[in-house]
Amino acid sequence: MPLKRREFLKASAAAAAAASIGVNLIPGMDNKLFADAVSWEKSVCRFCGTGCGVMIGKKGDKVVAIKGDLKNPINKGHICVKGFFLHKVIYAKTRLLYPMIKRNGKFERVSWDEALDYVARRFNEIRKTDGPDALAFYGSGQAETEETYMANKLFKGCIGTNNMEGNPRLCMASAVGGYLSSLGLDEPAGTYQDIEHAELFLLVGSNTAECHPIIFERIVRHKTKNPTVKILIIDPRKTPTDQVADIHLFPKPGWDLAVLHAMAHVIIKEGYADLDFIKNHVNFKSNDGKDITFEAYQQFLEDYTPEKAEAISGVPAGDIIKAARMFGQAKTAMSMWTMGINQRTRGVWANNLIHNLHLLTGKIGVPGSDPFSLTGQPNACGGVREGGGLCHLLPGHRKVTNPKHREEVAKVWGVPVGNIQPKPGKHTIAMFEALNEGKIKGIYIMCTNPAQSLPYAQKFWKGLKEQFVVLAESFYPTATSDFADVLLPAAFWAEKEGVYGCTERRSQYMPQVLQPMGEARWDAWILRDLAMRMGFKKEFEKYRTAEDIWNEYISLTKGRDMDLSGATYARLKKERGLVWPVPSETHPGTYKRYTQGDPFFDELPEEKKKGRRMYFYGKPDGKAVVWARPAKPPAEPTDKDFPYALTTGRVLEHWHTGTMTRAVLELARAVPRAYVEIHPQDARKLGIANRDTVVVETRRGKLEIEARVIDRPEPGTLFIPWHWKEWLANLLTIDAFDPGSKEPEYKVAAARIYKA
Amino acid sequence: MPIAGVVVVTLPEKTSEVLQALKRLSQVTTYGVHKDNNIIAVLESESTSGLERLSNRISRSIEGVIGVFPAYINFEDEVPDQEPYPPVE
Amino acid sequence: MKNHLLTLFGVLALSILFIGLSFAIPEGTQGEKHPDVEFDVSCMDCHAEETPEIVTEWRGSKHGFMNFGCYMCHGDGTVDFEIKPTTAKCAGCHDGYSVDFTKLNVTSCFDCHPGHTLQLHESTIK
Ligand code: SF4
C-alpha cells in the first residue's frame, strides 16, 4: 500500500475515533473559533502604525475572529495582542449608538436630522458672527484618508479656515520636520524590507517591543537567524525591548542630543565617515540655516566630545564611543525612533541628529540602511501627513502657503481659490488655547480624545467646557464626551471601507464587512451631510461612494512625491497595499526613495545623477543636510523641588486613551490600572514599597497612583503609562512645545513623588 | 493490512504513563490526549485477528487502561476496491 | 473473520454509549471555573504568587519574551476561561503556520509547542 494512502487511512481512523468522543482532529474543525467563521476578508489592524494585515472572520452578520494575514508582507500572519482582540472591540459595550445633544447638562437621544441641523446652524452662526477662524476641526491619525480628506475640504476649502488639525501633531510632527529639513521630503526613504538586511539597529526613544510588537518581532527573528546583528538602544528607561539589546545608553530624559552629537564626533574622528558620499550627497548647515563647510561642522562637534556629552547626559563616555564604533563598523544600519524623540521641545533637532549619523556614514539608500521613523497611529502617515490634515498642509504633501498648491487643490475641490487661506491656521496647542480664550467658539472633533490626550490636559478643559464642541466618536463615554455638546455616533473599523497608510509608505484598503452598529454612520458621510446642511451642497453632493473620495484624492497626488495615482481601489482590494510612489496603475510601488528604482530618481536627467547614487529631489541641489544643532535641554529640567524626570508612554496591551483596548476584558484584565514605575534605589530612599499608593506631582497637577518598584527607569526617572482617564498621566505633563514642529514635550516633566 | 482508530480510556491519574507505554508499541500511533483521559490511537496489524490481539494486549497488559474502544476499522486489503468505511457517527 | 468484526463493532456500539454518558462536560472549559477575582487585579499580580513556576517558565519563553500574557490563550477568567486552551487561539497570531495535524501525529499545537515554554534561540535573549 502506498505510504500516502496509508497515512490517510490512519488519519481517518484517528479522526473517527476522536469524533466518537466529540473531539475533532481535522485542522480547521478542531478549532471551534475558526470553524465558525465561514468567510474571511483581508483588512488592516486598527491599532498601531505598524499596519499589520489582519483577516476578519465573519459568520452570518457577526465578526467572530481575527487572525493575522499570512499574505501580508508586513506581518506575514503574525499579530500582537491588540490586533488579536479587534473583533471584541467592535462589540464593546461602550459603543456610541445614537446621536445625542446635551440639554440642561444631560445627553438626550435625537435623530440624525436634528443633530446635523443643529450643528450646521450653530456652526453657521459662529461663522457669520465671528468669522471662519472661530471654527476649528481636530482630527486623528486613526481616521481613514477619505475621512480626513472630507474634513479638509469642508474646513479649509469651504468654511475657509486653516484651523484644521489632528492628533498626529502630538505624535509625528517632529518626525515630519526632521525629514523635511534633513532629507527634503517627508516620510522614510526605506521600508520594513530593510529590517532583514540591517546589520545594526539603533532604537532611540522607542519601546519597540511594546509599541510596535510586530516590527520588534521581525527584528528579533532577523537577529536570531543572524546572531552578529547588533541592537543599540538609547532610552532613559529599560523596557522589554532591552531583552535583545547589545548596548543600552541611558541619557537623562531630554538630554540625549549631546549623545547623538558625540556619536557623530567619534564616527568622524575614527574614520567611519563615508567621505565620498558626503562629498556628493550632503550639505552642512548651521542652526540658522546658513551653509557651512564640513570642517566647520567638525569644529562644531568639538564641543561634543564623548566626555562632554557624558557630563551633559549622564551616559558614560566609554559607552558613547562603543556605540559610535558599532554604528560606524556595521555595514548597514537602520535607526528607528518614536515618541521619545518626537515628543520633545527639540524634537525636530533630535530627528536631524539621527539623520546626521546616517548621512555622515552613507548608511541610507541601500538595503538595510535607513533612518526610519515609526508612527504611532495606523493612518498618521496616510491620512494626515499625506492627506494634509494639519493647519499648514494641503492634500498630497502640499502647503497652504504655496499659491500654486492652493490653486491646484481649489480646482479639484471645486471651490474658489480665495477660500483657502494662505496663512497656516492654529496648530493643536494654539487651537486649544484659542478655545480657552474664546477665540475659537466651535470645534468638530473626530475620532480622538483630546480631553485625555492633550499635555497638561486639565488646562484645556476650560475651553472644551465653554465652547461648542461636536464629537464624532465610536465610543461613549470618553474623557472628551463629557465636554461635548453634540455626540455623533461614528461607524467603527470593519463597519466602513477606506484606506490606511502605515509607517512604511504603504497604503492598504480596508473593506466594510458589517453594517454600522445602532445608528452609527461613516465619518465621511457625517461630514458630507453636515457640509450640505451648512450650504455646501454643490461641493459635496457628488460623493456617493468611498471610492469617489479616494479617486479624487489620488488624482491630487499625481506627480507629487507621494504619488498614489496608480493605487486605485481595484488594485488595493487585490493587493496587500502599495508603497508609494505608485505613479501608474502598472507601477509596482517603490522600495527605496531617492535612488535607483524610485521613479522620480530614474526620470532625472543624467547630468544630475552623475556620480551620485542618491538624489534628494526635495532639496534644490539634491543634497541632504547635516545640521549643526546645539544640544538644548528639556523645557523643564529637574531641580531641587521637582527632582525626578517624569516620562510617559504605552504598554503592550493598551492603546492610546484606552477607549478600545480597555473595552476588551482580556486586555483590561492584563493591565487593569495605571502605575508609576520607580527605581528601587529611589524607592528605598523615599520609603516607598511596591504597590504603595503614592502621589506624583508636577507644577501642573498631582496624581494618586500605585507605585511599581522596578529597575526599568533609571534612578531619577519616573514612568507612567497614559491609557487611563482615572489615572490621567496628562494632568502632569507639560504643554511646552517644539517651536518648529509645535509638538509638545510629553516625554519630560520635572516631578516629585511621595507616599500618599 | 487493517487499521483501527480507537479511543484508549485510562484511569485519570495514569494517562501519561499509558500514553508513554503506547508510544513504545510499534504498531500503535497516538494522536494526543483528549478530555482528560482519552487517548486517540491508531492500531495497525497484519490481520483483523491481529488487531484484536493487539487491542486485548493493550487493555490487559498496560496498567491504567480502562478500555480500548474502536471507532473505525479499515481492512482494505481484505476487501479490495472498496471505499474506506465512513466514520461512525 | 466476520465474527471478529462483529465483536469489534459490538464493543464499538457500547463504547459510544459509554462515552456519551461520561463526557457530557462543556467543551473547552473542562467544567472548570476561574476563581472570582476583582477586575483591578491583573493576571500577573496573582499568578506571580499563586503559580510562580508557571510564570517563571512563561517569562523564559517566547510568549513571555513578547509579553503575550495568560489572557491570550486562557481568556479573561470571567466570561472566557479555558484551562487547556484550544489550538484555535494559536491560529489568530500564528496564521503563518497552517499545520495539517493529520500528517504530524499530533492533535494540537501544544503537543509540540507548550505555550509556557516556547523557546527562542538562545543568542537573542540577554
Ligand atoms: S503590531 Fe500594531 S498593527 Fe500589528 S497587530 Fe499589533 S497593534 Fe496591530
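Residues numbered from 1 in each chain as written. Chains lettered and ligands numbered in written order. Predicted model: local features only at pLDDT ≥ 70, side-chain atom pairs only at ≥ 80, totals over all residues. Heavy atoms only, no water.

Some thoughts on the overall build of chain B
Worth spelling out the cut-off: Secondary structure counts use DSSP, requiring at least four H or I residues in a row for a helix and at least two E residues in a row for a strand, with both numbered from the N terminus. Three exposure classes are used, based on accessible area relative to the maximum for each residue type with a 1.4 Å probe and protein chains only: buried under 20%, partly exposed in between, and exposed over 50%. Contacts were defined at the residue level, with two residues in contact if any of their heavy atoms lie within 4.5 Å.
For chain B, the count of helices and strands is two helices and four strands. Considering chain B as a whole, with its 89 residues, one finds that 57% of them fall into the buried category. Restricting the contact set of chain B to residue pairs at least 6 apart, pairs at least 24 apart contribute 61%.

A closer look at the overall build of chain A
Cut-off, in case you're wondering: Throughout, the radius of gyration refers to the C-alpha atoms, and the reference size of a globule is 2.2 Å times the residue count to the power 0.38. All accessibility values rest on the Shrake-Rupley procedure with a 1.4 Å probe; residue burial counts only the protein chains present in the view. When charges are counted, Lys and Arg are positive and Asp and Glu negative, with His and the chain ends excluded. Charged side chains are reduced to one point each, which is NZ for Lys, CZ for Arg, CG for Asp and CD for Glu.
Looking only at helices and strands, one finds 29 helices and 29 strands in chain A. Rg of the C-alpha trace for chain A: 26 Å, near the compact-globule value of 27 Å for 756 residues, within the 12% margin. For chain A, the spread of C-alpha atoms along the three principal axes comes to 90 × 70 × 70 Å. By the burial criterion, 68% of the 756 residues in chain A qualify as buried. Considering only contacts in chain A between residues 6 or more positions apart, those separated by 24 or more positions represent 72%. Summing over all exposed atoms, chain A offers an accessible surface of approximately 24,400 Å²; the carbon and sulfur share of this is 52%. Put simply, chain A has 105 plus and 88 minus side-chain charges, and the middle of one group is 2 Å from the middle of the other.

A few points about the nonpolar core
Residues and elements named next belong to chain A. Quick reminder of the rule: Throughout, nonpolar core names a set of buried Ala, Val, Leu, Ile, Met, Phe, Trp, Tyr and Cys residues whose side chains join them through atoms within 4.5 Å.
In terms of nonpolar packing, the biggest core is built from 89 residues, with Phe201, Met336, Trp493 and Val696 touching the most fellow members. With five residues, the single largest contributor to this core is helix 9 (residues 213-225). Setting aside its immediate chain neighbours within four residues, phenylalanine 201 contacts Ile195, Ile219, His222, Val229, Lys230, Ile231, Leu232, Met334 and Met336. If you look at the next biggest cluster of nonpolar residues, it comprises 68 residues, including Leu200, Val204, Ile247 and Trp349.

Here's the deal with the domain arrangement of chain A
Residues and elements named next belong to chain A. Formally: Domain delimitation follows an automatic or database domain assignment. Buried area counts how much accessible surface, traced with a 1.4 Å probe, disappears from two parts once they are put together, with both parts' losses summed. The rule for a salt bridge is simple: a side-chain nitrogen of Lys or Arg has to be within 4 Å of a carboxyl oxygen of Asp or Glu. Here a polar contact is recorded for every N or O atom pair within 3.5 Å, except that within protein the pair must consist of a potential hydrogen donor and a potential acceptor, and residues adjacent in sequence are included only if both atoms are side-chain atoms. Basically, the charged four are Asp, Glu, Lys and Arg, the nonpolar ten are Ala, Val, Leu, Ile, Met, Phe, Trp, Tyr, Cys and Pro, and anything else, Gly included, counts as polar.
If you check the domain split of chain A, you get domain 1 (1-35), domain 2 (39-90), domain 3 (100-170 + 379-490 + 522-546), domain 4 (173-373), domain 5 (562-617) and domain 6 (644-755). With centres defined by C-alpha atoms, the gap from domain 3 to domain 6 works out at 31 Å. Facing 22 residues of domain 3, the contacting portion of domain 6 comprises 23 residues. Together, the buried faces of domain 3 and domain 6 total about 1,900 Å²; carbon and sulfur atoms form 59% of this surface. Seen at the junction of domain 3 and domain 6, the total is one salt bridge. Taking the shortest distance from any N to any O, the salt bridge between lysine 459 and aspartate 735 comes out at 2.5 Å. Counting across the domain 3 and domain 6 interface gives 14 residue pairs in polar contact (both at pLDDT 80 or more). No other element matches helix 21 (residues 457-466), which puts five residues into the side of domain 3 that touches domain 6. Split into classes, the residues belonging to the side of domain 3 that touches domain 6 amount to 12 nonpolar, seven polar and three charged.

A closer look at the packing of aromatic side chains
Residue and element names in this part refer to chain A. Selection rule: Aromatic rings from Phe, Tyr and Trp, taking only the six-membered ring of Trp, are treated as a pair when their centres fall within 6.5 Å; an angle between ring planes under 30 degrees marks them as stacked, one over 60 as edge-to-face, and anything in between as tilted. Sitting over a ring, as applied to charges here, requires NZ of Lys or CZ of Arg to be within 6 Å of the ring centre and within 35 degrees of the ring normal.
This structure, assessed with the given rule, holds 29 aromatic pairs over all chains. We note lysine 67 situated over the ring of tryptophan 40; from NZ or CZ to the ring centre the distance is 4.3 Å. A cation sits over an aromatic face here: arginine 708 above tyrosine 675, 3.7 Å from the ring centre.

Let's talk about the packing of helix 7 (residues 173-183) of chain A against helix 16 (residues 347-361) of chain A
Residue and element names in this part refer to chain A. Selection rule: Under this scheme, a helix contributes an axis fitted over its contacting stretch, all axes are lines through C-alpha atoms, and angles between N-to-C directions fall in the 0 to 180 degree range. In these notes the angle categories are as follows: under 35 degrees is roughly parallel, over 145 is roughly antiparallel, 65 to 115 is roughly perpendicular, and the rest is oblique. The hand of a helix crossing depends on one turn: near helix anticlockwise from the far one by less than a right angle means left-handed, and clockwise means right-handed.
Following both chains from N to C, one finds helix 7 and helix 16 inclined at 45°, their axes separated by 8 Å at the closest point. When the axis of helix 7 is compared with that of helix 16, the two are oblique. Crossing of helix 7 over helix 16 shows right-handed handedness. Residues Ser174, Ala175, Gly177, Gly178, Tyr179, Ser181, Ser182 and Leu183 of helix 7 form the contact with helix 16, whose own contacting residues are Gly347, Val348, Asn351, Asn352, His355 and Leu359. Considering only residue class, the contact of helix 7 with helix 16 consists of five nonpolar, nine polar and no charged.

Thoughts on the pattern of salt bridges
Residues and elements named next belong to chain A. One pass over the full model with this rule turns up 59 salt bridges over all chains. Across the pair arginine 169 and glutamate 165 runs a salt bridge whose closest N-O atoms are separated by 2.7 Å. For the salt bridge of arginine 398 with glutamate 408, the shortest nitrogen-to-oxygen distance reads 2.7 Å. Here the residue arginine 398 occupies a position in strand 16 (residues 398-399), and glutamate 408 occupies one in helix 18 (residues 403-413), the gap between them amounting to 10 residues. Bridged by salt links that share partners, the residues Glu210, Arg237, Glu677 and Arg712 form one connected network.

A word on the pairing of strand 2 (residues 28-34) of chain B
Residue and element names in this part refer to chain B. Our working rule: Being paired, for any two strands, means DSSP has found at least two bridges between them.
The element strand 2 is largely enclosed, with a buried count of six among its seven residues. The sheet contact formed by strand 2 and strand 3 (residues 38-44) spans five bridges and is antiparallel. When the sheet's bridge partners are listed, threonine 29 is paired in strand 3 with valine 42. The turn linking strand 2 back onto strand 3 is made up of three residues, and lysine 35 within it adopts a positive phi angle of 45°.

Some points on the packing of helix 13 (residues 306-313) of chain A against helix 14 (residues 317-329) of chain A
All names here are of chain A. Two numbers describe how helix 13 lies on helix 14: the axes approach to 8 Å, and their chain directions differ by 120°. As judged from the angle between their axes, helix 13 and helix 14 are oblique. Along this stretch, helix 13 crosses helix 14, giving a crossing that reads as right-handed. Every residue of helix 14 that contacts helix 13 at Pro306, Glu307, Ala309 and Glu310 is listed here: Ala317, Ile320 and Ile321.

What to know about helix 12 (residues 294-301) of chain A
Residue and element names in this part refer to chain A. Note the threshold: The directions from the helix axis to the C-beta atoms form the arc being described.
Buried within helix 12 are the following residues: Phe294, Tyr297, Phe300 and Leu301. Taken down its axis, helix 12 places every buried residue within 110° of arc, on the same side. Opposite the packed face of helix 12, turned more than 90 degrees from it, sit the exposed residues Glu295 and Gln299. Close packing links the buried residues of helix 12 with helix 10 (257-269), helix 11 (275-281), strand 11 (282-286), strand 12 (291-292), helix 16 and strand 23 (624-628).

Quick look at the site of the ligand
All names here are of chain A. Filter applied, for reference: Here a residue is near a molecule or strand as soon as one of its heavy atoms is found within 4 Å of it.
Residues in contact with the ligand, as listed here, are Cys45, Phe47, Cys48, Thr50, Gly51, Cys52, Ile79, Cys80, Lys82, Gly83, Pro213 and Ile214. For the shell around the ligand, the secondary-structure elements that each account for two or more residues are helix 3 (81-84) and helix 9. Classifying every residue of the shell around the ligand gives eight nonpolar, three polar and one charged.

Remarks on unusual backbone geometry
All names here are of chain A. Of note, the amide linkage connecting tyrosine 476 to proline 477 takes the cis form, showing an omega dihedral of 0°. Cis rather than trans, the peptide bond between tryptophan 580 and proline 581 has omega equal to -5°. With respect to the helices and strands, the residue proline 581 is situated in the loop between strand 22 (578-579) and helix 26 (599-603). The backbone of glutamate 187 shows a phi angle near 80°, a positive value even though the residue is not glycine. Relative to the assigned elements, glutamate 187 resides in the loop between helix 7 and strand 8 (200-204).

Some remarks on the confidence of the model for chain B
Residues and elements named next belong to chain B. For clarity, the cut-off: The predictor rates its confidence in each residue with pLDDT, a number between 0 and 100.
In the predicted model, chain B carries a mean pLDDT of 74, and the fraction of residues at 70 or more is 81%. Counting interchain partners and residues more than four positions distant, the pLDDT-below-50 stretch residues 77-89 has 21 contacts. We note a pTM of 0.82 for the whole complex and an ipTM of 0.74 for its interfaces.

Quick word on the sheet that holds strand 7 (residues 164-166) of chain A
Residues and elements named next belong to chain A. Here seven strands make up an open sheet; going across it, the order is 5-4-19-18-17-6-7 and the pairing mixed. Two strands in the sheet have a free side with no partner beyond their single neighbour: strand 5 (106-109) and strand 7. On average, each strand axis in the sheet is tilted by 20° relative to the strand beside it, whichever way the strands run. Here strand 4 (residues 100-103) runs beside strand 19 (residues 486-489); their pairing, made up of two bridges, is antiparallel. When the sheet's bridge partners are listed, isoleucine 101 is paired in strand 19 with valine 486. Along the sheet, helix 6 (residues 145-159) makes contact with strand 6 (135-139), strand 7 and strand 17 (442-446), crossing strand 7 at roughly 155°.

Considerations on the state of the cysteines
Residue and element names in this part refer to chain A. The condition is simple: Any two cysteine sulfur atoms lying within 2.5 Å of each other are counted as a disulfide.
The tally for this structure, following the rule as stated, stands at zero disulfides over all chains. In this model cysteine 171 remains outside any disulfide bridge; the closest cysteine sulfur is found in cysteine 381, 8.7 Å from its own. Judged by its relative accessible area of 2%, cysteine 381 falls in the buried class.

Topic: the sheet that holds strand 3 (residues 62-68) of chain A
Residues and elements named next belong to chain A. Judged by pairing direction, the sheet is antiparallel, and its three strands sit side by side in the order 1-2-3 without closing on themselves. Only two strands of the sheet have a single neighbouring strand rather than two, namely strand 1 (39-44) and strand 3. Averaged over all neighbouring strand pairs, the angle between strand axes comes to 30°, with direction disregarded. Both strand 2 (residues 53-59) and strand 3 contribute to a ladder of six bridges, which runs antiparallel. Directly across from methionine 55, in strand 3, lies its bridge partner lysine 67.

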